[in-house]
Structure formats: C-alpha cells, structure tokens
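Architecture at a glance
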Amino acid sequence: MQSPSPSGFFRSFLVEQDGQHKDFFDLKNRALRPLIDAARVLILSHSIKGISNTWERYEKLAELEPNNQELYLACSYATKALLKFRTKQGLLHHDSGRYIELESLTKEEKIKLKRTFKAIKEIQDLISIRFKVSNILG
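Owing to the predicted nature of the structure, the values given are computational and were not obtained by experimental measurement. (Residues numbered from 1 in each chain as written. Predicted model: local features only at pLDDT ≥ 70, side-chain atom pairs only at ≥ 80, totals over all residues. Heavy atoms only, no water.)

A tally of helices and strands in the chain yields 4 helices and 2 strands. Overall, the chain shows an N-to-C arrangement of helices and strands of β-α-α-α-β-α. By residue count, 37% of the 138 residues in the chain fall in the buried class. Taking as baseline every contact in the chain between residues at least 6 positions apart, the subset at least 24 positions apart corresponds to 60%. (Helix = DSSP H or I, 4+ residues; strand = E, 2+ residues; numbered from the N terminus. Buried < 20%, exposed > 50% of the residue type's maximum accessible area, 1.4 Å probe, protein only. Contact = heavy atoms within 4.5 Å.)

What follows is the structure, encoded as structure tokens:
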C-alpha cells in the first residue's frame, strides 16, 4: 500500500522527480512491487507456504477464491508482462531494466505497460478493503 500508483492525473506515468533517475519510470517500485507484495500478503492470509513465484501465487489465489478469480488471473498476467518488459529493457540498455526512459518506448509499449496498472489498482483496492487499511501515501 505504500507503493505509489504507477499512473498520475490523466493516466500519465509517474516518473522519478529527482536524483540519478529523474524523469525515468521506476518499473520495480511503481509496478512490480505492489503486485509482488499483494501476492505475498494474500497467499499468507490463506496460510499457504512454498510458492515463491508471484504469478504462481496469483494462480493459486484464483483457485482458492473463485469470486476474485478474474482479478487474480489479471494480476498473474500483469506480473508476467512486467517481468518480460523489464527483461527486454535490461537487455536493450545493458542494465537491470528497472528504470525506463519513457521517450524510448513505442506507443504500443506504453499502452501495454499502462494496461497492467488496472490490475495494480484493483489489487490494492482489494487489500485495502479486506484488511481495512488505507494507502498511507494517498
């Protein structure tokens, strides 16, 4: 819940405001971390251990909670898509792929990236309601 939303007003990407990565999008903190942390909390709430892969956690949650199956499968897909995106960016730029210069992306890549944000918002909403917590930053 402490991870800020990946998108800001008018669905624009929220980028780093200062430091070495100013004006870059932090894929790890803004997109992957909220999905990873939510999967951990939710799977532990079912006392399930032994699944260390985020997308597998979401697929197990989809089995355990059929009423939220669509959301969990969307989160599984979003996690896989973001990891592929990070890997591709890392290979292109010879780094971890964590920080992305948005101007270097095609329109299609930006759209694909933004599609994952819906799952992030919805899983954060579910966590907020289920565990009666609010987003400290928002």
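More follows now that the structure is in view.
Taken as a whole, this structure holds 2 aromatic pairs when the rule is applied. Look at phenylalanine 25 and phenylalanine 117: their rings are 5.9 Å apart centre to centre, the planes differ by 35°, and that puts the pair in the tilted class. Here phenylalanine 25, found in strand S1 (residues 25-26), pairs with phenylalanine 117, found in helix H4 (residues 107-130); they are 92 residues apart in sequence, far enough to count as distant. Residue phenylalanine 25 is classed as buried on the basis of its relative accessible area, which comes to 0%. (Phe/Tyr/Trp six-rings, centres within 6.5 Å; stacked < 30°, edge-to-face > 60°.)

Counting 30 residues, the largest nonpolar core has Phe25, Leu27, Leu35, Tyr58, Tyr72, Leu113 and Ile123 as its most contacted members. Within the residue set of this core, elements represented by two or more residues are helix H1 (27-45), helix H2 (54-64), helix H3 (69-93) and H4. For this core, the element with the highest residue contribution is H1, accounting for 8 residues. With sequence-adjacent residues up to four places away left out, leucine 27 is seen in contact with Leu32, Leu82, Phe85, Arg86, Gly97, Arg98, Ile100 and Leu113. (Core = buried A, V, L, I, M, F, W, Y, C linked by side-chain atoms within 4.5 Å.)

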